[in-house]
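Here are the chains, one letter per residue:
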Amino acid sequence: MPINPTNSVTGSGKPNPNSVRAEANADNRDVKDAKAESKKAYNAAILAAHEKVSLNSNNESLSLLYKTALEGINAELEPVMGKNAAKKIYESGVDTSPKATADRIVSFASNFYSRYKELNEGDSTEETLNNFLELIKGGIDKGFKDAVTILQGLQVYEGKVESDADETYKLIEQGLESFGERVLEEAKKQGDSDGETDDQG
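Attention in this report is confined to the structure presented alongside it. (Residues numbered from 1 in each chain as written. Predicted model: local features only at pLDDT ≥ 70, side-chain atom pairs only at ≥ 80, totals over all residues. Heavy atoms only, no water.)

## Quick notes on the nonpolar core
Part 1: If you look at the biggest cluster of nonpolar residues, it comprises 36 residues, and the most contacted ones within it are Ile73, Phe132, Ile136, Ile140 and Ile172.
Part 2: Put simply, the parts of the chain that give this core at least two residues each are α2 (60-81), α3 (98-110), α4 (113-119), α5 (125-153) and α6 (159-200).
Part 3: Among residues more than four places away in sequence, those in contact with Phe132 are Ala109, Ser110, Phe112, Tyr113, Tyr116 and Phe179. (Core = buried A, V, L, I, M, F, W, Y, C linked by side-chain atoms within 4.5 Å. Buried < 20%, exposed > 50% of the residue type's maximum accessible area, 1.4 Å probe, protein only. Helix = DSSP H or I, 4+ residues; strand = E, 2+ residues; numbered from the N terminus. Contact = heavy atoms within 4.5 Å.)

This is the structure in structure tokens:
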């Protein structure tokens, strides 16, 4: 005579429909999870292939460098100037040559100097400027490293893409240096004119 499994809770000889349903649900969940993972991997592969194509054309790699540089600057400024201190503006359909990209990054970063200076009033101009540039350069470096990692992962960080990225980085360094010189020059002029006023007074 066949023996039916006994449900210890109900005491009946029938299988517990809840436990059967739970097992079926668990099996379905496993299948769904596997399908979801497979779909996610498939989507990631499509996205990577699409990115590789677009990054190989139209020099979109510099758009990526621009985007990650802004994210890096924002991350560095956040502890000092509050959340989303830098509005993340990603321009599309614009000139992505190394010079244009570098100019936009330098312009974006230098716009925060006056606010940074207000928050560090007690420091000398030189000290404030050096600290600000160190902060900005740290953010740009992080952004560039992140972008390079992505580009290397897509196997497009070579040839023109690599040389354009290197040129962009050098132009950013030069741009920040020029910005620093202008700030110090203006501070010196301001100091001289203040001195003249004091002498006349």
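## Quick notes on the packing of aromatic side chains
Part 1: Scanning the model with the defined rule gives 6 aromatic pairs in all.
Part 2: Between the aromatic rings of Phe108 and Phe112, the centroid separation amounts to 5.4 Å while the plane-to-plane angle is 70 degrees, which identifies the pairing as edge-to-face. Just as Phe108 is buried, Phe112 falls in that class too.
Part 3: Judged by centre distance (5.3 Å) and plane angle (70 degrees), the ring pair of Tyr113 and Phe132 falls under edge-to-face. Residue Tyr113 is found in helix α4, and its partner Phe132 is found in helix α5; the two are separated by 19 residues along the sequence. For the pair Tyr113 and Phe132, one class covers both residues: buried.
Part 4: Aromatic rings pair up to connect Tyr113, Tyr116, Phe132 and Phe179 into one cluster. (Phe/Tyr/Trp six-rings, centres within 6.5 Å; stacked < 30°, edge-to-face > 60°.)

## Remarks on α2
Part 1: Relative to the 32 Å expected for 22 residues at 1.5 Å per residue, α2 spans 30 Å between its end C-alpha atoms, a close match to the ideal helical length.
Part 2: Looking one or two places after α2, you find Gly82, whose phi comes out positive at around 95 degrees. (Expected span 1.5 Å × (residues − 1).)

## Topic: the environment of Ile150
Part 1: Turning to its location among the elements, Ile150 is positioned in helix α5.
Part 2: A relative accessible area of 35% means that Ile150 is categorised as partly exposed.
Part 3: Separated by 85 residues in the primary sequence, Ile150 and Leu65 place their C-alpha atoms 9.9 Å from one another.

## Thoughts on the pattern of salt bridges
Part 1: For the structure shown, the criterion picks out 4 salt bridges.
Part 2: A salt bridge links Glu118 to Arg115; the shortest N-O distance between them is 3.3 Å. A residue pair is termed a helical-turn pair when its members lie 3 or 4 positions apart in one helix, as Glu118 and Arg115 do in helix α4 at 3 residues.
Part 3: Asp146 is the salt-bridge partner of Lys142, the closest N and O atoms lying 2.9 Å from each other. You can see Lys142 and its partner Asp146 sitting in helix α5, 4 residues apart, about one turn around the helix.
Part 4: Of the residues examined, Lys142 reaches a relative accessible area of 42% and is grouped as partly exposed. (Salt bridge = Lys/Arg side-chain N within 4 Å of Asp/Glu carboxyl O.)

On their own, these measurements won't tell you what the molecule is for.
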